[in-house]
Amino acid sequence: MNESGCFKKGFRRSIGAVLKAVFPTRCLTCGSLYHENPALEVNPQEKPLLYPDDDLGFAREMAPFLCGDCSSRFVPIDSPLCTRCGMMFDSRQGEDHLCRGCAQHPKSLARARSLGVYEGRFMNLIHAFKYSGKIQLARPLGRMLFQLFLSQWDWGEIDTVMPVPLHPRRLRDRGFNQSFLLVQRWPELSESLGFAQKNISVDCKTLFRHKWTRPQTGLNRNERMANIQKVFYVGDPLKVVDKRILVVDDVYTTGATMNECARVLIQAGADEVHGLTLARA
Ligand SMILES: [Zn+2]
Ligand SMILES: [Zn+2]
């Protein structure tokens with residue numbers, strides 16, 4: 001960037017800081033007005049990505065959208081958890097291990113991980129993103145999801161990222177696929193980290209949803225599994241043969257949706273299917 005570009009950018013940032021100090025921000029989940037905590041601000045130029053081993057990572061990413069109170073109530077999914085489905089164990093002691101459900105009924109998903117517990121303010125935040133069109137949240141949520149991905153999978157372990165598809169009618173009504181928005185910038189992020197040699201590819205043109213399903217909300221485990229059967233199909237099997245695929249969605253409730261995606265992809269020839277979501281019930 002040339003000198004005048006830098007100056008303009010610096011100037012814009014200073015103006016932004018002054019405006020923020022004068023005018024409070026409205027919290028996207030509780031609706032209260034708040035002033036952003038300047039201690040949480042990070043210059044994106046200096047730190048293009050993320051805050052490894054930083055307990056304030058969530059608060060930093062969310063500072064422009066959530067008040068301190070809402071931010072502090074976020075509960076990250078943490079070890080000890082199930083090595084396969086990612087379920088967090090009630091006991092906070094001990095090592096990760098296979099949960100009873102996964103030991104008794106092996107799932108199609110090789111490994112599933114999530115960012116936080118689907119409750120309270122984090123749930124409201126996801127609803128604001130998904131149902132109230134607050135798509136500006138896709139950027140920070142997508143970055144945090146990418147960070148989680150980097151911490152849980154080795155680079156090169158995944159060939160393709162596929163957002164869980166919406167039915168065309170739902171896509172038309174909503175105007176966007178929230179899962180796609182979460183991963184849309186991943187190729188850019190991986191490039192900014194110098195992973196350009198084997199850039200991650202995002203594919204939203206291979207896995208489709210062809211059956212209209214009623215929303216999974218309010219259904220029990222068996223109803224969810226029945227509701228989601230024969231919902232997905234693979235358009236071009238050549239795109240999945242021998243591939244290690246990461247399926248991304250907003251919420252993992254019983255895992256019915258993700259496991260059905262995995263089953264269909266494996267049937268079409270995928271080598272392995274993994275799953276990543278923002279939240280987990
Ligand atoms: Zn709030
Ligand atoms: Zn499990």
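Bear in mind the structure is a predicted one, so any value in this text is a computation, not a measurement.

Analysis parameters
Residues numbered from 1 in each chain as written. Chains lettered and ligands numbered in written order. Predicted model: local features only at pLDDT ≥ 70, side-chain atom pairs only at ≥ 80, totals over all residues. Heavy atoms only, no water. Helix = DSSP H or I, 4+ residues; strand = E, 2+ residues; numbered from the N terminus. Buried < 20%, exposed > 50% of the residue type's maximum accessible area, 1.4 Å probe, protein only. Contact = heavy atoms within 4.5 Å. Areas by Shrake-Rupley, 256 points an atom, 1.4 Å probe, with all protein chains shown as cover. Donors = N, O, S within 2.8 Å, 3.2 Å for Na, K, Ca; no water. Tetrahedral: all angles 85-135°; square planar, octahedral: opposite > 155°, others 65-115°. Core = buried A, V, L, I, M, F, W, Y, C linked by side-chain atoms within 4.5 Å. Domains from an automatic or database assignment. Pairing = 2+ DSSP bridges. Phe/Tyr/Trp six-rings, centres within 6.5 Å; stacked < 30°, edge-to-face > 60°. Expected span 1.5 Å × (residues − 1). Patch = residues over 30% accessible without salt bridge, like charges linked within 9 Å, V, L, I, M, F, W, Y side chains within 5 Å. Salt bridge = Lys/Arg side-chain N within 4 Å of Asp/Glu carboxyl O. Axes fitted to C-alpha atoms, helices over the stretch in contact; angles between N-to-C directions.

## Focus: the overall build of the chain
Next up, step 1: Helix and strand content of the chain: 11 helices and nine strands.
Next up, step 2: A total of 281 residues make up the chain; the buried ones form 45% of that total.
Next up, step 3: Across the chain, every contact between residues at least 6 apart in sequence was considered, and the portion connecting residues at least 24 apart equals 70%.
Next up, step 4: Surface exposure of the chain reaches about 15,000 Å², of which carbon and sulfur atoms provide 52%.

## A closer look at the coordination of the zinc ion (ligand 1)
Next up, step 1: At 2.3 Å from the zinc ion (ligand 1) lie its protein donor atoms, namely Cys27 (SG), Cys30 (SG), Cys67 (SG) and Cys70 (SG).
Next up, step 2: When its relative accessible area of 6% is taken as the criterion, cysteine 67 is described as buried.
Next up, step 3: Classification of cysteine 70 as buried rests on a relative accessible area of 2%.

## Focus: the coordination of the zinc ion (ligand 2)
Next up, step 1: At this site the zinc ion (ligand 2) is bound by Cys82 (SG), Cys85 (SG), Cys99 (SG) and Cys102 (SG), with donor distances of 2.3 Å.
Next up, step 2: Each of the four donor atoms around the zinc ion (ligand 2) contributes to a set of angles spanning 105 to 115°, which defines the coordination as tetrahedral.
Next up, step 3: Sequence spacing of the donor residues for the zinc ion (ligand 2), all on one chain, is C-x2-C-x13-C-x2-C. Neither residue differs from the other here; cysteine 99 and cysteine 102 are each classed as buried.

## Thoughts on the nonpolar core
Next up, step 1: Residues Phe122, Leu141 and Trp186 are the most contacted members of the largest nonpolar core, which totals 39 residues.
Next up, step 2: For this core, the secondary-structure elements that each account for two or more residues are helix H2 (57–62), helix H5 (120–130), helix H6 (138–152), helix H8 (178–183), helix H9 (186–192), strand E8 (244–252) and strand E9 (272–280).
Next up, step 3: Looking at this core, the element that brings in the most residues is H6, giving seven residues.
Next up, step 4: Per-domain counts for this core show at least three residues from each of domain 1 (1–72) and domain 2 (78–280).
Next up, step 5: Formed by 27 residues, the second largest nonpolar core is a distinct cluster that contains Cys99, Met162, Leu207 and Ile245.

## Observations regarding the pairing of E8
Successive side chains on a regular strand alternate, one facing one side of the sheet and the next facing the other.
Next up, step 1: Counting buried positions over the nine residues of E8 gives eight, a clear majority of the element.
Next up, step 2: Bridging between strand E4 (residues 160–163) and E8 involves four bridges; their strand directions are parallel. Across the sheet, the residue bridging to methionine 162 is valine 247, located in E8.
Next up, step 3: Note: E8 against E9, eight bridges, orientation parallel. Bridge pairing in E9 places leucine 246 opposite histidine 274.

## Some thoughts on the packing of aromatic side chains
Next up, step 1: Under the counting rule described, the total for this entry stands at 11 aromatic pairs.
Next up, step 2: Summarising the aromatic geometry, the rings of phenylalanine 146 and phenylalanine 149 are spaced 6.1 Å apart at their centres and angled 40° between planes, so their arrangement reads as tilted. Here the residue phenylalanine 146 and the residue phenylalanine 149 both occupy positions in helix H6, the gap between them amounting to three residues, near one helical turn. Phenylalanine 149 matches phenylalanine 146 in its accessibility class, with the two residues each being buried.
Next up, step 3: Summarising the aromatic geometry, the rings of phenylalanine 146 and tryptophan 186 are spaced 5.1 Å apart at their centres and angled 65° between planes, so their arrangement reads as edge-to-face. With phenylalanine 146 in helix H6 and tryptophan 186 in helix H9, this pair connects stretches of sequence that are 40 residues apart.
Next up, step 4: Following the ring pairs from residue to residue traces out a cluster consisting of Phe146, Phe149, Trp153, Trp155 and Trp186.

## Observations concerning helix H11 (residues 256–267)
Next up, step 1: If you check H11, its first and last C-alpha atoms are 16 Å apart, about what 12 residues at 1.5 Å a residue would give, namely 16 Å.
Next up, step 2: Of all 12 residues making up H11, nine are buried, and the element is well covered by its neighbours.
Next up, step 3: Buried residues of H11: Ala256, Thr257, Met258, Asn259, Glu260, Cys261, Ala262, Val264 and Leu265, and no others.
Next up, step 4: On its buried side, H11 packs onto E4, strand E6 (207–209), helix H10 (221–228), strand E7 (232–234), E8 and E9.

## Side note on a nonpolar patch on the surface
Next up, step 1: Side chains of Phe11, Ile15, Val18, Leu19, Val22 and Phe23 sit close together on the surface and give an oily, nonpolar patch of about 590 Å² of accessible area.
Next up, step 2: Its place among the elements puts valine 18 in helix H1 (residues 3–22).

## What about the sheet that holds E9?
Next up, step 1: With parallel pairing, the five strands of this open sheet are ordered in space as E3-E9-E8-E4-E5. Each having just a single partner strand, strand E3 (111–117) and strand E5 (201–202) make up the two edges of the open sheet.
Next up, step 2: Its contacts with the sheet put H5 on E3, E8 and E9, and the angle it makes with E9 is roughly 105°.
Next up, step 3: Each of E4, E8 and E9 is contacted by H11, which is oriented at about 160° to E8, the strand it contacts most.

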